[in-house]
There are 2 protein chains.
Amino acid sequence: MRKRVYLAGPEVFLRNAESVFRAKREICQRYGFRGVSPLESHLDSEPLPQKELGWRISRSNEFCMRSCDLVIANLTPFRSPSADPGTAYELGFMRALGKPVLGYTNVCGTLRERTAQFFPEGLRARRPGKGLEDPEGLLVEDFDLIDNLMLDGAVLSSGFPLIVIEAPPGEKFSCLAGFEQCVQQAARALLGLDAPRPAAVAAE
Amino acid sequence: MRKRVYLAGPEVFLRNAESVFRAKREICQRYGFRGVSPLESHLDSEPLPQKELGWRISRSNEFCMRSCDLVIANLTPFRSPSADPGTAYELGFMRALGKPVLGYTNVCGTLRERTAQFFPEGLRARRPGKGLEDPEGLLVEDFDLIDNLMLDGAVLSSGFPLIVIEAPPGEKFSCLAGFEQCVQQAARALLGLDAPRPAAVAAE
């Protein structure tokens, strides 16, 4: 039975979400895993009020995560200097279950650098030695990490580096080079494999 | 032994973080809980390189969460239309451990409404019947929920409503009215209490 990889990430919001997940599942398969997309779990639900439907998808995704062996999260910044909060939630969920969490982002820079770019008016110094704050007076994390320390920390504590790729223009959420690096690392750590299997062997 | 409440939220980034957490702990105590702030766990660490320090705080917060019985999360939007991703991570972490998760936000509106406000150029319709998307072409969740469905869903699945308060100006992250409502709900559900204990009884 192949190990199941939960495919967390904001690509669920892309117009071509289905094809991005298909490509992710194909990469997983080449390395000996079974990729599981959050879209799979709630395609056939009956008509429901919107709130009830949202809640049902949440329960279905949680059920799905419990059935998976690891998570690979797309931590590309989403409408902010940081990762999508739904993806962050899922990273924490899998981490608490003791399952390996891996992650990648398609945008370079530390959280501090991206937060500085996010505010056109820039950051300012808090009292000397007390770091930088944003225009609302909120401290900007400055640990030389990629994102909030809980996100970086989860991946590091799982024994993996957080993969950073600068995606080609127009592929910010859909570029899969960083994703494939994660799958490769997972295969090495969890399956003892260094390279994708030949196609004939990989087919299920 | 009092039940321990993990105090998740971006107020860790406020200038007066210590005093906000002190006020939260006092509210917890009045209702028979012990509030535990993420700041408590890493105050005395020796000098370390920044990355190592960030990672250590993450491990310390995870250890702290495992020692707590429930979480009350401040889900006020943070540098985006959505909650702080560190807080979202912690919500998922506690939920996966089967511990009750409660949450509040100090900003009104659904995720769709706040996302529309976030982009000055507004949202646009995807193909008919396919919902709204942001200027980057990413679908905007429209489930009549407060935030990403994983966050709302976690609180609802724990048996609590997500509390929404419109904070007074200048108190967006520090207003504690919604927090107290969460503590009240937790006391009712977990301690069978309907009102704060008299001060004399509440003292530890």
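Scoring rules and cut-offs
Residues numbered from 1 in each chain as written. Chains lettered and ligands numbered in written order. Predicted model: local features only at pLDDT ≥ 70, side-chain atom pairs only at ≥ 80, totals over all residues. Heavy atoms only, no water. Helix = DSSP H or I, 4+ residues; strand = E, 2+ residues; numbered from the N terminus. Rg over C-alpha atoms; globule rule 2.2 N^0.38 Å. Buried < 20%, exposed > 50% of the residue type's maximum accessible area, 1.4 Å probe, protein only. Contact = heavy atoms within 4.5 Å. Areas by Shrake-Rupley, 256 points an atom, 1.4 Å probe, with all protein chains shown as cover. Polar contact = N/O pair within 3.5 Å; in protein donor to acceptor, adjacent residues only side chain to side chain. Pairing = 2+ DSSP bridges. Domains from an automatic or database assignment. Buried area = accessible area lost by both parts, 1.4 Å probe. Salt bridge = Lys/Arg side-chain N within 4 Å of Asp/Glu carboxyl O. Nonpolar A, V, L, I, M, F, W, Y, C, P; charged D, E, K, R; others polar. Phe/Tyr/Trp six-rings, centres within 6.5 Å; stacked < 30°, edge-to-face > 60°. Lys NZ or Arg CZ within 6 Å of the ring centre and 35° of its normal.

**Student:** Just checking my understanding: could you explain the overall build of chain A for this structure?
**Tutor:** Check the secondary structure of chain A and you find 7 helices and 7 strands. Shown N-terminal to C-terminal, the secondary structure of chain A runs as helices and strands in the order β-α-β-α-β-α-β-α-β-β-α-β-α-α. On C-alpha atoms alone, chain A measures out to a radius of gyration of 18 Å, which is about the 17 Å that the 2.2 N^0.38 rule sets for 204 residues. Expressed as lengths along the three principal axes of its C-alpha atoms, the size of chain A is roughly 60 × 45 × 35 Å. Within chain A, the proportion of its 204 residues that are buried is 54%. Taking the intrachain contacts of chain A between residues at least 6 apart in sequence as the baseline, contacts between residues at least 24 apart amount to 67%. Carbon and sulfur atoms form 54% of the exposed surface of chain A, whose accessible area is close to 8600 Å².

**Student:** When you look at the side chain of arginine 126 of chain A in this model, what are you seeing that I'm missing?
**Tutor:** Residue placement: arginine 126 of chain A occurs in the loop between strand 5 (124-125) and strand 6 (132-133). Only 2.7 Å separates the side chain of arginine 126 of chain A from the side chain of glutamate 133 of chain A, close enough to count as a polar contact. A polar atom in the side chain of arginine 126 of chain A sits 2.8 Å from the backbone oxygen of glycine 137 of chain A. Contact partners of arginine 126 of chain A, with chain neighbours within four places excluded, come to Gly131, Leu132, Glu133, Gly137, Leu138 and Leu139 of chain A together with Phe13, Leu14 and Arg15 of chain B.

**Student:** Any chance you could explain the pairing of strand 4 (residues 101-105) of chain A here in plain terms?
**Tutor:** All names here are of chain A. Counted residue by residue, strand 4 has 5 buried out of 5 residues, so it is predominantly covered. With burial as the criterion, each face of strand 4 is covered, one bearing Val101, Gly103 and Thr105 and the other bearing Leu102 and Tyr104. Judged from the 4 bridges that link them, strand 3 (residues 70-74) and strand 4 form a sheet pairing that is parallel. In the strand pairing of strand 4, valine 71 is matched with valine 101.

**Student:** What exactly am I supposed to notice about the domain arrangement of chain A here?
**Tutor:** Frequently, the measure chosen for interface size is the accessible area that the parts lose on association. Residue and element names in this part refer to chain A. With domains assigned, chain A is organised as domain 1 (3-109 + 161-202) and domain 2 (110-145). Measuring from the centre of the C-alpha atoms in domain 1 to the corresponding centre in domain 2 gives 29 Å. Across the contact, 7 residues belong to domain 1 and 6 residues belong to domain 2. Both faces combined, the contact of domain 1 with domain 2 buries some 490 Å², and carbon together with sulfur accounts for 64% of it. Looking at the side of domain 1 facing domain 2, the largest losses of area belong to Pro81, Ser82 and Gly109, adding up to 78% of the total buried there. The tally of links between domain 1 and domain 2 comes to 0 salt bridges.

**Student:** Just checking my understanding: could you explain the interface of chain B and chain A for this structure?
**Tutor:** Contacts between the two partners involve 62 residues from chain B and, on the opposite side, 62 residues from chain A. The contact between chain B and chain A buries some 5000 Å² in all, and 62% of this surface belongs to carbon and sulfur atoms. Its largest share of buried area at the contact with chain A, chain B owes to Arg79, Tyr89 and Met150 of chain B, together 17% of the area lost on that side. At the surface where chain B touches chain A, the tally comes to 8 salt bridges. Glutamate 136 of chain A is paired through a salt bridge with lysine 172 of chain B; the nearest N and O atoms lie 3.1 Å apart. Those elements that provide at least two residues to the side of chain B that touches chain A are helix 2 (50-67), helix 3 (85-96), helix 4 (111-118) and helix 5 (149-157) of chain B. When residues in the side of chain B that touches chain A are grouped by element, the largest group, 12 residues, is from helix 2 of chain B. Each residue belonging to the side of chain B that touches chain A can be placed in one class, and the counts come to 30 nonpolar, 13 polar and 19 charged.

**Student:** How should I be thinking about the packing of aromatic side chains in this particular structure?
**Tutor:** Both the distance between ring centres and the angle between the ring planes are used here to describe each pair of aromatic rings. Residues and elements named next belong to chain A. A full pass over the atoms with the stated rule returns 11 aromatic pairs over all chains. A ring pair is formed by tyrosine 104 and phenylalanine 179, whose centres lie 6.0 Å apart and whose planes are at 70 degrees; its orientation type is edge-to-face. Taken together, the residues span a long stretch of sequence, with tyrosine 104 in strand 4 and phenylalanine 179 in helix 6 (residues 177-191) at a distance of 75 residues. By relative accessible area, which is 0% here, phenylalanine 179 ends up buried. Note that arginine 59 overlies the ring of tryptophan 55, its terminal NZ or CZ placed 4.9 Å from the centroid.

**Student:** What should I look at first to understand the environment of leucine 39 of chain B in this one?
**Tutor:** Residues and elements named next belong to chain B. As for its position among the elements, leucine 39 is in the loop between strand 2 (34-36) and helix 2. Residue leucine 39 is classed as buried on the basis of its relative accessible area, which comes to 13%. Note: C-alpha distance between leucine 39 and asparagine 61 (22 residues apart in sequence) is 8.7 Å. Setting aside anything within four residues of it in sequence, one finds leucine 39 in contact with Val12, Ala17, Glu18 and Phe21.

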